[in-house]
Amino acid sequence: MPSRLLVVTAVAPEAAAVLRGARSRFGDAEPVERALPGGYPLTSVGPLDVVVAGVGPAAAAAATATALALAASASPGYGLAVSSGIAGGFAPTAPIGSVVVADTIVAADLGAQTPDGFADVTELGFGRVRYSCPAADPVARALREAGRPTAVGTVLTVSTVTGSAERAAELLGRHPGAVAEAMEGFGVAEAASGHALPVLELRTVSNAVGPRDRGAWRIGDALDALAAVYAKLPYATLVG
């Protein structure tokens, strides 16, 4: 039996964009809404369950773990957890309006400052900061074939959004393959790992990582692009 996708967003406008794309793909199927324990809104369309978790890795982990625990005995169960929404893109690899697909999710600021620079928790011997995303290649290929400009690489999870060129350069210095930064992917990955479930991070770019310039952000365009992405995903590959 085909599995389902759990899509975790931070805020309601991101969830609405995902659902708009899914409804376009699945014949404007009527959404089914419910609330998970903890009050997390969850809406189902086609093979997707889309949950609004709140901002940041802790909120994302809590909502994802709640949804996965409730679905543990359900049939069909989840085959993939997806952290999704909008993001800051590292120019020129991921310009505004493009799609970013994570092949790796990294907690970029989980660690300690040392006299020799930043050391992540893996280097300190306390855990992991990195998850791979096995579904990245087929997703990126399908989106490119559909004409969506798509960058594949590391998506950084940060608890503080970058607001300066110096910080952007420091992150790229430590993570040369980074294409974007967001705030929830690592939380989704941590929860999915606890249920032996693969993870993916899939976002559209609303702004450039660097100096904070709200006037240059294109949030509406990025949300429209996110809807277009969910209308073109290779669902048969992802859900079996």
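Look up: the structure comes first, before these words.
Since we're looking at a predicted model, the values are computed, not measured. Each residue is numbered by its place in its chain's sequence as written, counting from 1. Side-chain atom pairs in this predicted model are given and counted only at pLDDT of 80 or more, local residue features only at pLDDT of at least 70, and totals for whole chains, interfaces and linings cover all residues. Excluded from the side-chain calculation are hydrogens and water; included are all heavy atoms of the structure.

## Some words on the overall build of the chain
Right, so step 1: What counts as a helix is a DSSP run of H or I of at least four residues, what counts as a strand is a run of E of at least two, and both are numbered from the N terminus. Secondary structure summary: the chain contains eight helices and 12 strands in total.
Right, so step 2: The quantity called the radius of gyration is restricted to C-alpha atoms. Its globule counterpart is 2.2 Å times the number of residues to the power 0.38. In terms of C-alpha radius of gyration, the chain reaches 17 Å, essentially the compact-globule figure of 18 Å for 240 residues.
Right, so step 3: For the chain, the C-alpha atoms occupy an extent of roughly 55 × 35 × 30 Å along the three principal directions.
Right, so step 4: Accessible area is worked out with a 1.4 Å probe on protein chains only. A residue is then buried under 20% of its type maximum, exposed over 50%, and partly exposed in between. Looking at the chain as a whole, 52% of its 240 residues qualify as buried.

## A word on the nonpolar core
Side chains of nonpolar character tend, in soluble globular proteins, to be buried together.
Right, so step 1: Think of a nonpolar core as a cluster: buried Ala, Val, Leu, Ile, Met, Phe, Trp, Tyr and Cys residues, connected wherever their side-chain atoms sit within 4.5 Å. Counting 69 residues, the largest nonpolar core has L48, V101, L200, L202, Y230 and L233 as its most contacted members.
Right, so step 2: Of all hydrophobic cores here, the second largest spans nine residues; its members include F90, V106, A168 and A178.

## A look at the packing of aromatic side chains
Right, so step 1: For Phe, Tyr and Trp, where Trp contributes only its six-membered ring, two rings pair if their centres lie within 6.5 Å, and the inter-plane angle classes them as stacked under 30 degrees, edge-to-face over 60, or tilted in between. If you walk through the whole model with that rule in mind, you get two aromatic pairs.
Right, so step 2: Taken together, a centroid distance of 5.0 Å and an interplanar angle of 65° make the contact between F26 and Y235 edge-to-face. Taken as a pair, F26 in the loop between helix 1 (12–25) and strand 2 (32–35) and Y235 in helix 8 (residues 235–239) lie far apart in primary sequence, 209 residues in all.
Right, so step 3: Owing to a relative accessible area of 28%, F26 belongs among the partly exposed residues under this scheme.
Right, so step 4: Judged by its relative accessible area of 3%, Y235 falls in the buried class.
Right, so step 5: Ring centres of Y131 and F186 lie 5.6 Å apart, and the angle between their planes is 50°; on these two criteria the pair is classed as tilted. Taken together, the positions of Y131 in strand 9 (residues 130–132) and F186 in helix 6 (residues 185–194) put the pair 55 residues apart, joining distant regions of the chain. Of the two residues, Y131 and F186, both sit in the buried class.

## Description of the environment of A119
Right, so step 1: Topologically, A119 is positioned in strand 8 (residues 117–120).
Right, so step 2: Remark: the alpha-carbon pair of A119 and A182, spanning 63 residues in sequence, is separated by 20 Å.
Right, so step 3: Discounting residues that sit within four places of it in the chain, A119 has contacts with G111, A112, T114 and L124. We call two residues in contact when some of their heavy atoms are within 4.5 Å.

## Thoughts on the side chain of H175
Right, so step 1: Among the secondary structure elements, H175 is positioned in the loop between helix 5 (165–174) and strand 11 (178–182).
Right, so step 2: The class for H175 is buried, based on a relative accessible area of 10%.
Right, so step 3: A distance of 3.3 Å separates a polar atom in the side chain of H175 from a polar atom in the side chain of R174. We define a polar contact as two N or O atoms separated by no more than 3.5 Å, with the added condition that, inside protein, one atom must be a possible hydrogen donor and the other a possible acceptor, whereas residues neighbouring each other in sequence contribute only through side-chain atom pairs.

## Notes on empty space enclosed by the protein
Right, so step 1: Grid points spaced at 1 Å over the protein atoms alone were grouped into cavities, where a 1.4 Å probe fits but cannot get out, and pockets, open sets with protein on both sides within 12 Å along at least five of seven lines, with lining residues defined by an atom within 4 Å of a point. Grid points are joined across faces, edges and corners, and a volume is the space filled by probe spheres set on the points. Following the criterion strictly, the structure yields one cavity of 30 Å³ or more and no others.
Right, so step 2: The computed volume of the largest cavity comes to approximately 40 Å³.
Right, so step 3: Every residue along the wall of the largest cavity is listed here: V161, T162, N207, A208, G210, P211, R212 and W217.
Right, so step 4: Three residue categories are used. Nonpolar comprises Ala, Val, Leu, Ile, Met, Phe, Trp, Tyr, Cys and Pro, charged comprises Asp, Glu, Lys and Arg, and polar comprises the others, including Gly. Partitioned by chemical class, the residues of the lining of the largest cavity number four nonpolar, three polar and one charged.

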